[in-house]
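Topology and contacts: notes
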Amino acid sequence: MAEQNQPRSIPLISLRGVSKIYESAAGRVGALEDVDLEVGSGELVAIIGKSGSGKSTLINLLTGIDSPTAGQIRVAATEVHSLGQEALARWRGRSVGIVFQFFQLLPSLTVAENVMLPMDFCGTYPPRERRPRALGLLAELGIGDQADKLPTALSGGQQQRAAIARALANDPSLLVADEPTGNLDSRTAEDVMQLFAACARAGKTVVMATHERDLGRYFARSVTLADGRVVEPASARS
Amino acid sequence: MSLAPRWRKLLGDIRDGQGRLVMMVAAIAVGVFAVTAMSTGYTILKREIRRGYLATNPAAALLEVERLDDALVAGVRRQPGIIAAEASGRLRGRVEVRPDEWLPLLLFVTPELRTAQIATVELGAGRWPATPGEIVLERTALPVANGVVGGSITVQLPTGAPHALTITGAVHDASLAPAWQEQTVYGYVTPATIEFLGGDANLHTLKLTVRDPGGDRAGLERTSVGVAQWLAGEGHPSSEIRIPPYQHPHESQMTSVVRMLLVFSALTLVLGAVLTGTLTASLLAPQVRQIAVMKAVGAGSRQILALYATLVLGVGLAAVALGLPLGIAAGRALAANTAQLLNLELSSLAVPAWLYVVEVLAGVGIPLLAALVPIDAATHRPVRECLAEFGIDAPSRRPNAWLGRLPLLARDTALVLAVRNALRRRGRLLLTLGLLATAGALFMTSLNVKSAWQQNLVEATAERHFDAEIYLTHPQSRATALAAVRAVPGVRRIEPYSAESVAPERADGLNLVTTYPDGGHGSLRLQAVPLGSEFVAPHLLEGKWLSLPDADEVVLNEGALAMLPGVRVGAGIQLRVRGRVLGARVVGLIREHLTPASVYLTPATLERHTGTAGLTSGLRLSFERADADSVAASIAATERALAASGVKVALSISQIALGRALGGHLFILIFILLVMSLLMGAVGVLGLASAIATGVLERTREFAVLRAVGAQAATIQRSVIAEGVFVALLSVLVAVVVSVPLTAIVARVVGTASLGPALDVIVSGRALPIWLGIVVVAAAVASAIPAWRASRLTIREALAYQ
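Bear in mind that the values here come from a model prediction, so they are computed numbers and not experimental data. (Residues numbered from 1 in each chain as written. Chains lettered and ligands numbered in written order. Predicted model: local features only at pLDDT ≥ 70, side-chain atom pairs only at ≥ 80, totals over all residues.)

Another aspect to go through is the overall build of chain B. The helix and strand tally for chain B stands at 25 helices and 23 strands. For chain B, the spread of C-alpha atoms along the principal axes amounts to about 100 × 65 × 50 Å. For chain B, buried positions account for 50% of its 802 residues. Sequence-distant contacts in chain B: of pairs separated by 6 or more residues, those separated by 24 or more amount to 85%. (Helix = DSSP H or I, 4+ residues; strand = E, 2+ residues; numbered from the N terminus. Buried ≥ 20, exposed ≤ 12 C-beta atoms within 10 Å, placed from the backbone. Contact = placed C-beta atoms within 7 Å.)

Structural data, given as structure tokens:
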């Protein structure tokens, strides 16, 4: 199976025998079982599957939001599975941009402040450069004029653009998105997908969980999950 | 430079959580206020009571000698260890405070009042007496004697006729308890005035000061005994050596009571801090996802912890800014009030700076520590778990299925939900219960102690089935005295009664006691009461009451037992009375309320040992009518009858006057306890409101589901309010249990502070219903707002809640 999940370029992400089991009142539930996966730099890869297939678990493990029960996860030179929570937070802030289905912008901060937040926590840019950088990112994503509004004043598409700008704030090499278009209408979803495609063209690796096969044309590769296992390793599009 | 986004986020949280933050500030401010008030009061009082006492240059020891002259005093000054010595006198008499109504008078005699060096008093008004027939009174004695500076009072010594004395001034004697508390008038006169009153003008009390008087007690005893032996060698034996505890008579009581209040105030601060913890948890409850998002975009747990710790730090500082000045003012007021109770002059209301520093650190630090628990928990929750929170928690333990089968709950799902929700978050329930139960326990303790104190007074009265005691100038014919009084109309019953001052016998034969300068505090009394007395109702703790008319048997009360170390029922004791040794066996131990340390024996035994056969030194009487006016009139008639029979009266004291002395001054303590319990109650109710509000927030989606399946707004309201009331009822149960040992502790402190054993542990009949009413109503009101909010949410809003 491993050779079927090979990237077309130098691998940025490498998962080896990754499993995740949750303990619950109902017993042990296997969310992922023995997953091997590699994603190359600059790839735009879709993780596809039905609800409960393990997509979100895989995304959570990739971003260090959750830790594997077994297996190894390496992103660039970082052994993600071996990091503690503080180290994970630092690594995530500097190296990974995360985009959520429900945007998850902090409601009490303006759009620009939301974008500045990762720079603030990680200290990646000098304070005086943070706002200009946030405004620049927002302008690139076409919502520069919304910078000083609160998130609730923005449409869903605009909020997701803001969330992407926040994910790009620290210029990470990896963008991870969990159903980023799941809460958007089809036209807005297309716009958002074009932004992700642009990011990939700019050299960033993009891994996205989605169940919308209509968007398949944007992905260089698709990995299909079912019951926690990779069942359809690759797609043919470029 | 503009504020960093994380701090802007914090400002946003402050804006959104204003209500909770105000509650936090209020809760901590209440604690800071209480601690500051008590510690300020304690620090001032502790310092001032010591300073005031030491400023009088108190005598380390006092020796009673038949007659002192200048040469003898000069000789004493040369004895080893003696710093200074002065001759003085102390006499007991009486003063007429209303026509035919007399109170005890304690006269301190000094040849030159203005130049006295030992046990000095400070002239506050008027002038020193210059001629015979003049007196200065202790300032607290003026109202007791119904006198004014420039006016006159009628005074009588046991050996003389009543005389009017001019009050030339008022002094402050920091070594004495206030006159109104003791119902004794303190006067200061020269020997010339004693002569004018018909008394013995000779000075007989030798006041000594020594090196390190407050230090080595054994050394002080050796020095005093050395002086007594030297005096004996000079032909002037000492009839009594008094080594009073080197402190104000009420210092130890004041210290223990204020310390207890200090502990309770610290408890208030801890409760406030715990509330801060629960409020912080409720503040963070809606932030769970936002914290997760911040962590997802790179925030470390420590960064988020620092963010919210700063918030709590700010809250603590605001609370300190509010509570500290109010606490200082209240503490100073407490000190001033207590100083008045203790007859203290406060030279300064200053408090050392370190105390403020400690209070600020406690006010900021303790709540911060309490808040760090939920902050730490929130910041360390896994990001995945927080992002996946749906607002419908699975119970962490088994879901108490049996609750639904209880007959009371089975018919109402809202009640089942209320009880299950209350039990769902065990940690939060325990905190809320802790807050409310502690407040309830203290409230009930306050009322219990108040009841016990009232019961104490009732029992003290019940133990004394007489209306008045008449002390004679010296032992006189019992038969004559009884015959004289029997003819007095209104006298219901009369019994002979004798009381003597005694001391444990020592190997050197000296009479050494620890009585205070007022002659009352710290004294041990021998009381002779007839067998079958109707005036004494002993509450026997051990052994038996006196049963043989003339046997060497004595019964002790608990106060006496405490003063005679090593003595127990069945043991023999040797006492020195009137210069003779009285050996007896202790046959019983009794409990008495508001009575000094006493040793009881029969009149025949006392007479045999003191050579006073057929004599009595006093009488006890009951009258047909026991109101104040009737008692005063009957006492006056009795005294006239005794005088007509040649029996000389030194002093008469009615039980009503004694009741005035014992009555009210501990109510200040109970009042403070009540105020403190209500402050704690307020903190507890805030805690309950916060816990319910947090629960409602966490269960927003659950309410939406309930609404979606048909629950009406009223059902949700009923469920939330019932949850609050259920927690309140649980807290009352805990409070009742906790209040019993707490009452015992406070009763012990209060009992010791009021001349006797611990107060009885009485459960006030009113305490439980009052607290139950307060807490249930408060819980219902505190739950009503979150209940209303929960019921107002639309299903769409609630399901969309993040």
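Within chain A, the secondary structure is distributed over six helices and 10 strands. In summary, chain A has a C-alpha radius of gyration of 17 Å against a globular reference of 18 Å for 238 residues, a match within 12%. For the C-alpha atoms alone, the extent of chain A along its principal axes is close to 45 × 40 × 40 Å. Here chain A holds 238 residues, and the buried ones make up 53% of them. A separation threshold of at least 6 residues defines the contact pool for chain A, and within that pool the share at least 24 residues apart is 70%. (Rg over C-alpha atoms; globule rule 2.2 N^0.38 Å.)

So, on to the sheet that holds strand β23 (residues 649–654) of chain B. Residues and elements named next belong to chain B. Spatially, the four strands line up as an open sheet ordered β12-β22-β11-β23, and their pairing is antiparallel. Edge strands, defined here as strands with exactly one partner in the open sheet, are β12 (491–496) and β23. Neighbour to neighbour, the strand axes of the sheet diverge by 20 degrees on average, direction disregarded. Relative to strand β22 (residues 615–623), β12 runs antiparallel, the two being bridged by five bridges. (Pairing = 2+ DSSP bridges. Axes fitted to C-alpha atoms, helices over the stretch in contact; angles between N-to-C directions.)

What follows is about helix α19 (residues 628–644) of chain B. Residues spaced three or four apart along an α-helix face the same direction, because each turn holds 3.6 residues. The first and last C-alpha atoms of α19 of chain B sit 24 Å apart over 17 residues, in line with the 24 Å expected at 1.5 Å per residue. Following α19 of chain B by one or two positions, Gly646 of chain B has its phi on the positive side, about 85 degrees. (Expected span 1.5 Å × (residues − 1).)

Next up on the list: the domain arrangement of chain B. All names here are of chain B. Looking at the assigned domains, one finds that chain B contains domain 1 (1–58 + 251–389), domain 2 (61–242), domain 3 (394–464 + 662–802) and domain 4 (465–661). Taken together, the 29 residues of domain 1 in the interface contact 29 residues of domain 3. Within the residue set of the side of domain 1 that touches domain 3, elements represented by two or more residues are α2 (18–55), α8 (251–284) and α10 (301–342). The dominant element in the side of domain 1 that touches domain 3, judged by the number of residues it contributes, is α8, at 18 residues. A per-class count over the side of domain 1 that touches domain 3 returns 18 nonpolar, nine polar and two charged. (Domains from an automatic or database assignment. Nonpolar A, V, L, I, M, F, W, Y, C, P; charged D, E, K, R; others polar.)

Turning our attention to the nonpolar core. The biggest cluster of nonpolar side chains holds 203 residues, and the ones touching the most others in it are Ile47, Val115, Leu138 and Phe196 of chain A together with Val683 and Leu688 of chain B. With 18 residues, the single largest contributor to this core is α2 of chain B. Two domains share this core, each providing at least three of its residues, namely domain 1 (1–58 + 251–389) and domain 3 (394–464 + 662–802) of chain B. The residues contacting Ile47 of chain A, other than those within four sequence positions of it, are Lys55, Leu58, Ile59, Val207, Met208, Ala209, Val223 and Leu225 of chain A. In terms of nonpolar packing, the next biggest core, distinct from the first, is built from 107 residues, Leu512, Val555, Leu561 and Leu642 of chain B among them. (Core = buried A, V, L, I, M, F, W, Y, C linked by C-beta atoms within 7 Å.)

On to the environment of Pro475 of chain B. Relative to the helices and strands, Pro475 of chain B is located in strand β11 (residues 468–477). On a C-alpha basis, the gap between Pro475 of chain B and Gly695 of chain B in space is 78 Å, while along the polypeptide they are 220 residues apart.

Moving on, we get to the interface of chain B and chain A. Listed as interface residues are 26 residues of chain B and, on the opposing side, 26 residues of chain A. Looking at the side of chain B that touches chain A, the element that brings in the most residues is helix α1 (residues 5–16) of chain B, giving seven residues. Classifying every residue of the side of chain B that touches chain A by side-chain character gives 11 nonpolar, six polar and nine charged.

All right, on to the sheet that holds strand β5 (residues 78–79) of chain A then. All names here are of chain A. The strand order β2-β1-β4-β5 describes an open sheet built from four strands, whose pairing is antiparallel. Since the sheet does not close on itself, it has two edges, and those belong to β2 (27–40) and β5, each with one partner. Pairing of strand β1 (residues 11–24) with β2 involves 10 bridges; the strand directions are antiparallel. Residue pairing for β2: Ser24 is matched across the bridge by Gly27.

For the rest of this paragraph, the subject is the environment of Ala735 of chain B. Residue and element names in this part refer to chain B. As for its placement among the helices and strands, Ala735 is situated in helix α23 (residues 713–752). Of the residues examined, Ala735 has 27 C-beta atoms within 10 Å and is grouped as buried. Excluding anything up to four places from it in sequence, Ala735 contacts Ala437, Gly440, Ala441, Met444 and Trp771.

Further remarks concern the pairing of strand β4 (residues 70–75) of chain A. Residues and elements named next belong to chain A. Strand direction decides the pairing type here: β1 and β4, joined by five bridges, are antiparallel. Residue pairing for β4: Ser19 is matched across the bridge by Ala70. Here two bridges tie β4 to β5, and the two strands are oriented antiparallel to one another. Counted as the bridge partner of Val75 is Thr78 from β5.

Residue and element names in this part refer to chain B. Interhelical geometry of α2 versus helix α11 (residues 353–380) gives an angle of 155 degrees and a closest axis separation of 10 Å. Judged on the interaxial angle alone, α11 and α2 are roughly antiparallel. Two packed elements cross with a definite hand, and for α2 against α11 that hand is right-handed. Counted together, Ile28, Val32, Val35, Thr36, Ser39 and Thr43 of α2 and Leu355, Glu359, Ala362, Gly363 and Pro367 of α11 form the full contact between these two elements. (Parallel < 35°, antiparallel > 145°, perpendicular 65-115°, else oblique. Left-handed = near helix turned anticlockwise from the far one by under 90°.)

Not every positive phi belongs to a glycine, and Gln104 of chain A is a case in point at roughly 55 degrees. Among the structural elements, Gln104 of chain A can be located in the loop between β6 (96–99) and α3 (111–122). Phi angles above zero are rare outside glycine, and Ala119 of chain B is one such case at about 50 degrees. By the secondary structure assignment, Ala119 of chain B is in the loop between β3 (101–109) and β4 (122–126).

Atom-level detail of predicted coordinates should not be read off regions where pLDDT is low. On average, chain A scores 86 in pLDDT, and the residues at 70 or more come to 93%. β4 of chain A holds the highest mean pLDDT among the elements of chain A, 94, whereas strand β10 (residues 229–232) of chain A holds the lowest, 81. (pLDDT = per-residue confidence, 0-100.)

This part is about the packing of α3 of chain A against helix α4 (residues 127–140) of chain A. All names here are of chain A. Following both chains from N to C, one finds α3 and α4 inclined at 120 degrees, their axes separated by 9 Å at the closest point. When the axis of α3 is compared with that of α4, the two are oblique. In this structure, α3 crosses over α4, and the sense of that crossing is right-handed. Facing α3, whose interface residues are Val111, Ala112, Val115, Met116, Met119 and Asp120, α4 presents Arg130, Arg131, Arg133, Ala134, Leu135, Leu137 and Leu138. Its residues assigned to classes, the contact of α3 with α4 shows nine nonpolar, no polar and four charged.

A few words now on the environment of Ile653 of chain B. Residue and element names in this part refer to chain B. Structurally, the position occupied by Ile653 is in strand β23. What makes Ile653 partly exposed here is the crowd of 19 C-beta atoms within 10 Å. Linking Ile653 and Val586, residues 67 residues apart in sequence, is a C-alpha distance of 29 Å.

Residue and element names in this part refer to chain B. A residue-level look at chain B finds 91% of positions with pLDDT of 70 or above and a mean pLDDT of 83. Taken as a whole, residues 390–397 scores under 50 in pLDDT and shows 14 contacts with residues more than four places along the chain or in a different chain. Two numbers describe this predicted complex: its pTM, 0.75, and its ipTM, 0.84.

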